[in-house]
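One letter stands for each residue in the lines below.
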Amino acid sequence: MIIFIVFTMKTKVKKPTEIERAWYLVDAKSRILGRLCSKIATVLIGKHKPTYTPHLDCGDFVIVINADKFKVTGKKFRDKTYYSHSTYPGGLKALSLGQIYLKTPEKIIYHGVSGMLPKNRLRTKRLKRLKLFCSETHPYTHVALKPLNV
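Residues numbered from 1 in each chain as written. Predicted model: local features only at pLDDT ≥ 70, side-chain atom pairs only at ≥ 80, totals over all residues. Heavy atoms only, no water.

Asks: Describe the overall build of the protein, listing the residues and the values that go with them.
Replies: The helix and strand tally for the protein stands at 5 helices and 6 strands. Taken from the N to the C terminus, the helices and strands of the protein come in the order β-α-β-α-β-β-α-α-α-β-β. Relative to its length of 150 residues, the protein is extended, with a C-alpha radius of gyration of 20 Å against a globular reference of 15 Å. Relative to its full complement of 150 residues, the protein shows a buried share of 37%. Counting contacts in the protein only where the partners sit at least 6 residues apart, residues at least 24 apart contribute 69% of the total. In the form shown here, the protein has an accessible surface area of approximately 10400 Å², with 58% of it arising from carbon and sulfur atoms. In the protein, 29 side chains carry a positive charge and 9 a negative one; their mean positions are 7 Å apart. (Helix = DSSP H or I, 4+ residues; strand = E, 2+ residues; numbered from the N terminus. Rg over C-alpha atoms; globule rule 2.2 N^0.38 Å. Buried < 20%, exposed > 50% of the residue type's maximum accessible area, 1.4 Å probe, protein only. Contact = heavy atoms within 4.5 Å. Areas by Shrake-Rupley, 256 points an atom, 1.4 Å probe, with all protein chains shown as cover. Lys, Arg positive; Asp, Glu negative; His and termini not counted. Charge placed at Lys NZ, Arg CZ, Asp CG, Glu CD.)

Structural data, given as structure tokens:
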């Protein structure tokens, strides 16, 4: 007589009210843009947590200081091009990375992180938890910040 004993493990899925959000501080000074953005996207999604659930927004807050002091490799400041279209004929606008850097350098990090997030309904909620500052100071001094190793 053969007896099979089946051990089952139950996974508890957290409810949206049970999600705890931490605050992380990232210094972008002399960090490579792509590696920085991918790490930030992972934290915003929540994949660094053992309680990650794909259909819930379980990510954390990320504050980036010195957002204008990142690095890029090669000739990307001249050659990398960002496109936008107004949906009208002839409405294509093309700006290089260097041109955008002169106007609003924090938009470059925002655009990079945005492209690395899943394209679904949670994307805008996750991007709202990304705070970008071009200086060392930020208004979130009252929050307990953890350093994020990039």
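Let us keep going from here.
Asks: Explain helix H1 (residues 33-45) to me, using residue names and the numbers behind them.
Replies: Over its 13 residues, H1 runs 18 Å from end to end, which matches the ideal 18 Å to within 8%, given 1.5 Å per residue. Among the residues of H1, Leu-33, Leu-36, Cys-37, Ile-40, Ala-41, Val-43, Leu-44 and Ile-45 are the ones counted as buried. Those residues of H1 hidden inside the fold are in contact with strand E1 (23-27), strand E2 (61-65), helix H4 (106-116), helix H5 (123-128) and strand E5 (130-132). (Expected span 1.5 Å × (residues − 1).)

Asks: So, H4: which residues are in play, and what are the values?
Replies: All of the buried residues along H4 are Ile-108, Ile-109, Val-113 and Ser-114. The elements touched by buried residues of H4 are H1, E2, strand E3 (81-85), helix H3 (97-103), H5 and E5.

Asks: Tell me about the sheet that holds E1, and please be specific about residues and values.
Replies: Pairing within the open sheet is parallel, and its 4 strands lie in the order E5-E2-E1-E6. The two strands at the open ends of the sheet, each matched to only one other strand, are E5 and strand E6 (145-147). Here the average twist between neighbouring strands, direction ignored, is 25 degrees. When E1 meets E6, the two strands line up parallel, connected through 3 bridges. Paired with Trp-23 across the bridge in E6 is Leu-145. Taken strand by strand, H1 contacts E1, E2 and E5, and its axis lies near 155 degrees from that of E2. (Pairing = 2+ DSSP bridges. Axes fitted to C-alpha atoms, helices over the stretch in contact; angles between N-to-C directions.)

Asks: Account for the nonpolar core, naming residues and giving values.
Replies: In globular proteins that are soluble, nonpolar side chains generally tend to be buried together. In terms of nonpolar packing, the biggest core is built from 28 residues, with Ile-40, Val-62, Val-64, Ile-109, Val-113 and Leu-130 touching the most fellow members. For this core, the elements supplying multiple residues, two or more each, are E1, H1, E2, H3, H4 and E5. When near neighbours in sequence (up to four residues on either side) are disregarded, Val-113 contacts Cys-37, Ile-40, Ala-41, Leu-44, Leu-127 and Leu-130. Counting residues in each nonpolar core, the second largest holds 7 residues, with Trp-23, Ile-65, Tyr-140 and Val-143 among its members. (Core = buried A, V, L, I, M, F, W, Y, C linked by side-chain atoms within 4.5 Å.)

Asks: Please give an account of the pattern of salt bridges that cites residues and values.
Replies: Summed over the entire model, instances satisfying the criterion amount to 6 salt bridges. Linking Asp-57 and Arg-126 is a salt bridge whose minimum nitrogen-to-oxygen distance equals 3.5 Å. Here Asp-57 is found in the loop between H1 and E2, whereas its partner Arg-126 is found in helix H5, with 69 residues between them in sequence. The exposure classification of Asp-57 matches that of Arg-126, with both residues buried. (Salt bridge = Lys/Arg side-chain N within 4 Å of Asp/Glu carboxyl O.)

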